[in-house]
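Secondary and tertiary structure notes
Okay, here's what each chain looks like letter by letter:
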Amino acid sequence: MLSTPQASPERVPSPEEQQWAGPEALCPGWLEDEALDGEVPGDSGDPDGATHAYERLQSALCQEGLPPTLDCSAEPRTGFGPLDMTVCILGSPIPFLPVLLEGGTRCPGAMVLCLSPSWASRVPSESCPGAWSLLLSRGVSFKVGGHSALESFVPPRRANYVTGTFAPGDPEGGWVGELARDLDCPTGGSVPLAHRLEDALLARWVLAARANLPVPPTLAFMLGTRGDLPALPAAPGVRLVRLQDPQGQQSLVQEEVGAFLGGTAMEPYGQVVVRPAGWRWRGTGARSTHRKEEGAAVAQAVGARLRGLTEEDSVLLEAMVPTARLPVPPPRSPAPRLPMALRICTLVCRSWGDRPQLCQVACAVGRAESPVRHGAALPQGLDSGLQQCGVAAPGQRQALATRLREATEAAAAALLASEAELSPRQRGGDRARTDILGVDFLLACVDEALELVALAANGQRCLETCALAEAMGRGVGEPRGDVPRLLAEAMLHRAQRHLVEGKDILLIGAGGVSKSFVWEAARDYGLRIHLVESDPEHFAAGLVQTFLPYDSREHRRDEEHAERVLELLRSRGLRPHACLSYWDDCVVLAALVCQGLGLRGPAPAAVRVAKQKSRTHRHLQRCRRGRPPPAAFAVPCRRLRSHGDVERAAGAVPFPAVAKLEFGAGGVGVRLVENAGQCHAHAARLWRDLRDDADHPGIGLGWGNAMLLMEYVPGTEHDVDLVVFDGRLLGAWVSDNGPTRVPAFLETAACLPSCLPADRQAQLVRAALQCCRACGLRDGVFNVELKLGPAGPRLLEINPRMGGFYLRDWIREVYGPDLLLAAVLVALGVPPVLPARPAARTHLAGVMCLASEHGDSLAGGGGMEALRELHGRGLVRLNRLFEEPGGAGEYEEPLLSVACAGATLAEACERLLGLCQGLGIDSPRYPVEHFLSHFK
């Protein structure tokens, strides 16, 4: 247990400095800081403030119309295991209350609020030498419907993710920072990281030098021994002056002040501000304002501030940038309009893939002659604030909102990248990262154009301001905003990533070069992979924890193979936590092994139904319950094992029809046939050329070369990738495919997100989910291929594994979540946390390349080198599907996928077409423009 921290000996601002301080942040329940019934919080009856914090929580819940916390601490909760998630919030309940409530709805019981240092303890980590595990013996947990409970945990509950009120000056900051220091689990902040964010000079230097954002012209004086601000690169608009002796270098100070005031950067401005900077000065408001012409007074003010300068502090001389003044409509009243100032507060979180995501914007308006500070005025929306500044045109306001999003996320990316360069000690622990931050802007007029000027960053003030803005909106009937959902998803996602670390995962089948991402992802997630693979020389043998060579290519004997694999595991003493396969040939074997090990996964019978295409449709045709029933999505088809079957099928399936392999993959051997004669000819060729796995590995020939004849379904083709847990849909992504080169059906082009309207996408997702459920697929990540016509979707096939080719990479790039991590979590028995309302971050359009069509231009013409260079620069997405060309002629498979991104689908397609024309991928025989024509 940790005792209550002692008072810090650090310097306290003087009374003169304190008189400048205003209300630092307003949020729901902010008045509850006042004593209740005459008692003083933190008196001898409540030494660590837990009672007062608990009362504040109850008051805040009451204001939200929620039931009071139920005290269940007399009956300790038990049974928490290594796969139980615990997101711990340390300190004040108020800033994070909306996040706790949202997290309690998404993952009931996973969000735990710790109000006192006596409720938690630190023990040496068993997995990370030198780190600590945080154990909770007591906490307030949150559940569905806003219900909360005070609970005790025996044995103590281990935290998977920790954050809290780290901001300097917070009453809980001391014990919160101490508990969260050097933990072995992800930590959403720390005291050292909060200090960096609250340092105005350090943040401004990063915003100018790393994010290339305009900042107020700034002259900064600091001690020469300060090491957290490098001399290079130079930060535009920020000049650093290092002083060896602040008291003995008055002439240098006067010279620098004079040059700054008379410089070109100050020409547009008439006033300057002198103020101290550093985390100790947060909220003090210590500053003085001067006219630019008062050079002697400015130098004197700077000199006065330099007295007592410490290594962590600095003195800033900065331009007072006025808010842009635009023509406004005539006022309703003849009273004069005073010049106003607009401060824009943005809240950002570290989202999927460690990318910054703007969560909310709030604005404050005040008098132009003094800075607008957090908490000094009630917040309002960006659109209203811009209108008050005279930005009348809706299009101009929307353009500014887009620029603000880009600037905010660039600022956050720069700040997060700079902290990633710190040592674990400087960050407050190896796992400490800032997950929530705020960036403040001014709207200024620079060179007769509106400009967003970055002011500073902070760790908690923007969170409190945005929470107040949302609470105000609900008071007038506005729906709940996105902030609680986005922040809860970010925290729960990081906790789940920690959950999978060190888990033993049995993979059945390694796949080819298109699956190379698995080994890098396994390392990033800390997975211990035990691989069963038929090829004893596979390149992945040296990339996994255990390599188990076993030839399972004859998949008609998968029950026997499953017994052999179980014997292999027993002989090695391996007891995996989960088993799965992403390789199409091995999905049934993986299901059988899962069943033998007693692990979570789809039932073998369900996987068999999905794996065999004709069986899938025959099964669905018998499923006639529901509105509409799954039978509505099935397509008439017949199995073909002989030419006699062809004749019988021709009488049952109308032409034109599609003939393909019963267990095929990758579109190999799929062909449109106009009559029975064409079907006979195609079947004869296929049965002659493709007899077993050695003829064409990886396309299902280990199951035999039986075929099926299926009715041709008109319409556009789409992939739906689903994450399903216990039959419940957790996530779905729809992508579009371009027209194929009929009579073949090899994929040519694709785009993500889908260009279909939301209701048509919903049809596809519902049809895919109903088909999976009807087949018995209730747990896993599945890829479903469908056609969409005027009357709705029809099923082509179900792939009872993660989507192949480029899909995992594209979904991560566009939406953030990782299908591989989702598959691992489901296999572990943990429902993955995925975006409740996925929002595309970009648009991707891609085209497949074939060795027969593009081999010369890509290899001999230098196209491949150019693609690799563009991929390295992030200008294209290149997904190698095969190391060598797979198959030949009508059995050819795509060699690689090339994609371009754009802010819109039209922009992505335009870039892709230009690239393909420049590299020779586009040709009369391979018309890329035609392949992209469906994406509108």
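Quick note: structure is the one above.
How each quantity is defined
- Residues numbered from 1 in each chain as written.
- Predicted model: local features only at pLDDT ≥ 70, side-chain atom pairs only at ≥ 80, totals over all residues.
- Heavy atoms only, no water.
- Helix = DSSP H or I, 4+ residues; strand = E, 2+ residues; numbered from the N terminus.
- Rg over C-alpha atoms; globule rule 2.2 N^0.38 Å.
- Buried < 20%, exposed > 50% of the residue type's maximum accessible area, 1.4 Å probe, protein only.
- Contact = heavy atoms within 4.5 Å.
- Areas by Shrake-Rupley, 256 points an atom, 1.4 Å probe, with all protein chains shown as cover.
- Lys, Arg positive; Asp, Glu negative; His and termini not counted.
- Charge placed at Lys NZ, Arg CZ, Asp CG, Glu CD.
- Axes fitted to C-alpha atoms, helices over the stretch in contact; angles between N-to-C directions.
- Parallel < 35°, antiparallel > 145°, perpendicular 65-115°, else oblique.
- Left-handed = near helix turned anticlockwise from the far one by under 90°.
- Nonpolar A, V, L, I, M, F, W, Y, C, P; charged D, E, K, R; others polar.
- Phe/Tyr/Trp six-rings, centres within 6.5 Å; stacked < 30°, edge-to-face > 60°.
- Lys NZ or Arg CZ within 6 Å of the ring centre and 35° of its normal.
- Patch = residues over 30% accessible without salt bridge, like charges linked within 9 Å, V, L, I, M, F, W, Y side chains within 5 Å.
- Salt bridge = Lys/Arg side-chain N within 4 Å of Asp/Glu carboxyl O.
- Pairing = 2+ DSSP bridges.
- Polar contact = N/O pair within 3.5 Å; in protein donor to acceptor, adjacent residues only side chain to side chain.
- Expected span 1.5 Å × (residues − 1).
- Arc of directions from axis to C-beta.
- Core = buried A, V, L, I, M, F, W, Y, C linked by side-chain atoms within 4.5 Å.

Another point: the overall build of the chain. Assigned secondary structure in the chain consists of 27 helices and 34 strands. By the compact-globule yardstick of 30 Å for 936 residues, the chain fits well, its C-alpha radius of gyration being 32 Å. By principal-axis analysis of the C-alpha atoms, the chain measures approximately 100 × 65 × 55 Å. Residues classed as buried in the chain amount to 56% of the 936 residues present. Counting contacts in the chain only where the partners sit at least 6 residues apart, residues at least 24 apart contribute 68% of the total. Accessible area for the chain stands at about 38,700 Å²; split by element, carbon and sulfur atoms hold 52% of it. One way to put it: in the chain the 95 positive side-chain charges average out to a point 4 Å from where the 107 negative ones average out.

Further remarks concern the packing of helix H7 (residues 250-261) against helix H8 (residues 295-306). One can describe the packing of H7 onto H8 by two numbers: an axis separation of 10 Å at closest approach and a directional angle of 130 degrees. Accordingly, the angle class assigned to the pair H7 and H8 is oblique. The hand of the H7/H8 crossing is right-handed. In this structure, H7 contributes Val-253, Gln-254, Val-257 and Leu-261 to the contact, and H8 contributes Gly-295, Val-298, Ala-299, Val-302 and Leu-306. Looking at the contact of H7 with H8, its residues break down into seven nonpolar, two polar and no charged.

Okay, the packing of aromatic side chains next. Enumeration over the complete set of coordinates arrives at five aromatic pairs. Between Phe-663 and Trp-703 the ring centres are 5.4 Å apart and the planes differ by 15 degrees, which places this aromatic pair in the stacked class. Here the residue Phe-663 occupies a position in the loop between strand E24 (657-661) and strand E25 (671-673), and Trp-703 occupies one in the loop between helix H20 (676-689) and strand E26 (707-711), the gap between them amounting to 40 residues. Pair check on accessibility: Phe-663 and Trp-703 agree, each one buried. Where Tyr-712 meets Phe-745, the ring centres are 6.5 Å apart and the plane angle is 45 degrees; that geometry is what we call tilted. Placement of Tyr-712 in the loop between E26 and strand E27 (716-725) and of Phe-745 in the loop between strand E28 (728-737) and strand E29 (749-752) is noted, with a sequence separation of 33 residues between them. Over the ring of Trp-119 we find Arg-138, and its NZ or CZ is 5.5 Å from the ring centre. The positively charged end of Arg-600 is found above the aromatic ring belonging to Phe-725, 4.1 Å away from the centroid.

For any two helices packed against each other, the geometry comes down to the angle between their axes and how far apart the axes lie. Orientation of helix H15 (residues 558-572) relative to helix H16 (residues 587-597), taken along the N-to-C sense of each, is 50 degrees, at an axis distance of 9 Å. It follows from the interaxial angle that H15 and H16 lie oblique. Pair H15 / H16 crosses with right-handed handedness. Along its contact with H15, which presents Asp-558, Glu-559, His-561, Ala-562, Val-565, Leu-566 and Leu-569, the element H16 presents Val-588, Leu-589, Leu-592, Val-593, Gly-596 and Leu-597. Split by residue class, the contact of H15 with H16 holds nine nonpolar, two polar and two charged.

This part covers a positive patch on the surface. Residues Arg-615, Arg-618, Arg-622, Arg-638 and Arg-641 make up a contiguous surface patch of positive charge. Along the chain, the position of Arg-615 falls in helix H18 (residues 613-621). For Arg-615, a relative accessible area of 32% gives the class partly exposed.

Strand order in the open sheet formed by four strands is E21-E20-E19-E22, and the pairing between neighbours is parallel. Where the open sheet ends on each side, the last strands, each with one partner, are strand E21 (546-549) and strand E22 (578-580). Neighbouring strand axes in the sheet, compared pairwise and without regard to direction, differ in orientation by 20 degrees on average. The pairing of strand E19 (residues 504-508) with E22 spans three bridges and is parallel.

Attention shifts here to the environment of Ala-471. Its location among the elements puts Ala-471 in helix H12 (residues 461-475). With relative accessibility at 22%, the residue Ala-471 sits in the partly exposed group. Sequence spacing of Ala-471 and Pro-98 is 373 residues, and the spatial spacing of their C-alpha atoms is 9.7 Å.

With that settled, the discussion passes to the sheet that holds strand E33 (residues 877-880). Strand pairing in a sheet relies on backbone hydrogen bonds. The paired strands run either parallel or antiparallel. Read from one edge of the open sheet, eight strands run E31-E30-E27-E28-E29-E32-E34-E33, paired in antiparallel fashion. A single partner strand is all that each edge strand has here, and the edge strands are strand E31 (792-799) and E33. The average angle at which neighbouring strand axes cross in this sheet is 25 degrees, direction not considered. Where E29 meets strand E32 (residues 843-849), four bridges bridge the pair, whose relative direction is antiparallel. Across the sheet, residue Cys-751 finds its bridge partner in E32, namely Ala-845. Contacts from helix H26 (residues 905-919) reach E29, E32 and strand E34 (896-902) within the one sheet, and its direction differs from that of E34 by about 135 degrees.

Here the focus is the side chain of Thr-69. Its place among the elements puts Thr-69 in the loop between helix H2 (50-63) and strand E1 (70-71). Note on Thr-69: relative accessible area 10%, which makes it buried. Here Ser-148 takes part through its side chain, which lies 2.8 Å from a polar atom of the side chain of Thr-69. Other than its neighbours up to four places away in sequence, Thr-69 contacts Tyr-54, Leu-57, Gln-58, Leu-61, Val-140, Ser-148, Ala-149 and Leu-150.

Before going further, it helps to spend a moment on the side chain of Asp-199. In this structure, Asp-199 sits in the loop between helix H5 (191-198) and helix H6 (200-209). Here the side chain of Asp-199 touches Arg-226 through a polar contact of 2.6 Å, side chain to side chain. Once residues lying within four places of it in the same chain are set aside, the contact partners of Asp-199 are Arg-226, Gly-278, Trp-279 and Glu-312.

Its 15 residues place the ends of H26 21 Å apart at the C-alpha level, agreeing with the 21 Å of an ideal helix rising 1.5 Å per residue. Of all the residues in H26, the buried ones are Leu-905, Ala-908, Cys-909, Leu-912, Leu-913, Leu-915, Cys-916 and Leu-919. Taken end-on, H26 shows its buried residues confined to a sector of 165 degrees, consistent with a single buried face. Away from its buried face, by an angle of more than 90 degrees, H26 presents the exposed residues Ala-906, Glu-910 and Gly-918.

A word on the pattern of salt bridges. Using the criterion set out here, one finds 55 salt bridges in the structure. Arg-528 is the salt-bridge partner of Asp-504, the closest N and O atoms lying 2.8 Å from each other. You can see Asp-504 sitting in strand E19 and its partner Arg-528 sitting in strand E20 (residues 528-533), a full 24 residues away along the chain. Two residues, Asp-551 and Arg-553, come together in a salt bridge whose shortest N-O distance is 2.9 Å. A single network of salt bridges, built from pairs that share partners, joins Arg-106, Asp-482, Arg-485, Glu-489 and Arg-837.

In this section: H2. Relative to the 20 Å expected for 14 residues at 1.5 Å per residue, H2 spans 20 Å between its end C-alpha atoms, a close match to the ideal helical length. Listing the buried residues of H2 in full gives Ala-50, His-52, Ala-53, Arg-56, Leu-57, Gln-58, Ser-59, Ala-60 and Leu-61. Phi for Gly-65, located one or two positions after H2, is positive at around 75 degrees.

Most often, soluble globular proteins have nonpolar side chains that are buried together. Counting residues in hydrophobic clusters, the biggest one holds 140 residues, and the most contacted among them are Leu-90, Leu-134, Val-162, Met-491, Trp-519 and Val-723. At ten residues, helix H23 (residues 819-828) tops the list of elements feeding residues into this core. Residue contacts for Trp-519: discarding those within four places in its chain leaves Leu-507, Ala-510, Ile-529, Leu-531, Phe-539, Ala-540, Leu-543, Val-544 and Tyr-582. Among the nonpolar cores identified, the runner-up in size contains 49 residues, and Cys-586, Val-588, Cys-594 and Ala-768 belong to it.

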